[in-house]
Amino acid sequence: MSILLLKLALVPFLIWLVTLAGRRWGPGVAGWLSAFPIVAGPILFALNLEQGAAFAARAAEGTLLAVVAILVFCLVYAWACARWAVAGSMTLALLAWAASVAMLQMLRLPPALAFVLVLGAILLASRLFPAGVPVAAGARRNDLPWRMLAAAALVLGVTAGAAHLGPRLSGFLAMFPVMGSVLVGFTHACAGRGSVVALLRGMVAGFYGFAVFCVTLAMQLQPGGVGSAFALALGCALVVHVAARRLLAPPAVAALAKAS
């Protein structure tokens, strides 16, 4: 029952909070907050409870490498939305994500080396976004129920199929851009390209903390030490997440991270 509540309540609730924060402080903040492991974290915790610590540790390795695929998703959408609407941009971005996952599946790296690769990919991606895209205010729509439903469906689907998919692919699917797809799609439709690019930039800035979370779990998660491993991973990720926002964000948004 506790696992079911985790799947059906926690993740959609956190997405609800991120959406409200974005409406209050802008799409850049929503993107930054969404990159914190508020979806992948509960999925990995549920995998640990259902499949064991060794399984979850290997899934964390896959989730770490899957950050590269999410970066590809972000960049493809940011450039595609200059020409196409939501459907076309999302199709291209998801196809790019799937192709990236297929290639990354063949890559076998120790967690430390994978961490270095991901950090380099984040640094590169942050410099490849289109420049000079103005952010315009958009109309609000009642999309919260759809966002929450999509998150719950992802958690249920990945954890239910974990035994058949194996730990590595489960880790990759934990980073399926359900949150990004929902946030990006509705932001694009409601507020336009500028807000989407700002949202995606915020996501990339937040992946430093996400990478720290994954590599810490992959290296520390052991039977009997699950609580301490998750606590350490979340603590380290939070410190890096806030620090990255202060250092990389525009002054107006960095002030929010400082206040937190």
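Bear in mind the structure is a predicted one, so any value in this text is a computation, not a measurement.

K.L.:
How do you make sense of the overall build of the protein when you look at a structure like this?
P.N.:
Of the regular secondary structure elements, the protein holds 13 helices and zero strands. Start at the N end of the protein and walk to the C end: the helices and strands fall as α-α-α-α-α-α-α-α-α-α-α-α-α. Taking all 260 residues of the protein together, the buried fraction comes to 55%. Excluding contacts between residues fewer than 6 apart, the proportion of contacts in the protein whose partners are at least 24 apart in sequence is 81%.

K.L.:
Explanation requested: the packing of helix 3 (residues 40-51) against helix 4 (residues 53-80) in the structure shown.
P.N.:
Packed helices, taken two at a time, are described by the angle their axes make and the gap between the axes. Running from N to C, helix 3 and helix 4 point in directions that differ by 150°, and their axes come no closer than 7 Å. In terms of orientation, helix 3 and helix 4 fall into the roughly antiparallel class. Considering how the two elements wind past one another, helix 3 and helix 4 form a crossing that is right-handed. Here A40, L44, L47, N48 and Q51 of helix 3 come into contact with helix 4, specifically with A53, F55, A56, A59, A60 and T63.

K.L.:
Help me out: how do you make sense of the packing of aromatic side chains in this one?
P.N.:
Counted according to the given criterion, the structure contains four aromatic pairs. Seen from their ring centres, F73 and Y77 are 6.4 Å apart, and the 40° between their planes marks the pair as tilted. One end of the pair, F73, and the other, Y77, are both in helix 4, four residues apart, so they sit about a helical turn from each other. Accessibility classification places F73 together with Y77 in one group, the buried group. These aromatic residues form a ring-pair network of at least three members: F45, F213 and F230.

K.L.:
I'm lost on the environment of L47 in this one. Help?
P.N.:
Tracing the sequence through the fold places L47 in helix 3. Separated by 10 residues in the primary sequence, L47 and A57 have C-alpha atoms spaced 9.4 Å apart.

Here is what the cut-offs are and how they apply
Residues numbered from 1 in each chain as written. Predicted model: local features only at pLDDT ≥ 70, side-chain atom pairs only at ≥ 80, totals over all residues. Heavy atoms only, no water. Helix = DSSP H or I, 4+ residues; strand = E, 2+ residues; numbered from the N terminus. Buried < 20%, exposed > 50% of the residue type's maximum accessible area, 1.4 Å probe, protein only. Contact = heavy atoms within 4.5 Å. Axes fitted to C-alpha atoms, helices over the stretch in contact; angles between N-to-C directions. Parallel < 35°, antiparallel > 145°, perpendicular 65-115°, else oblique. Left-handed = near helix turned anticlockwise from the far one by under 90°. Phe/Tyr/Trp six-rings, centres within 6.5 Å; stacked < 30°, edge-to-face > 60°.

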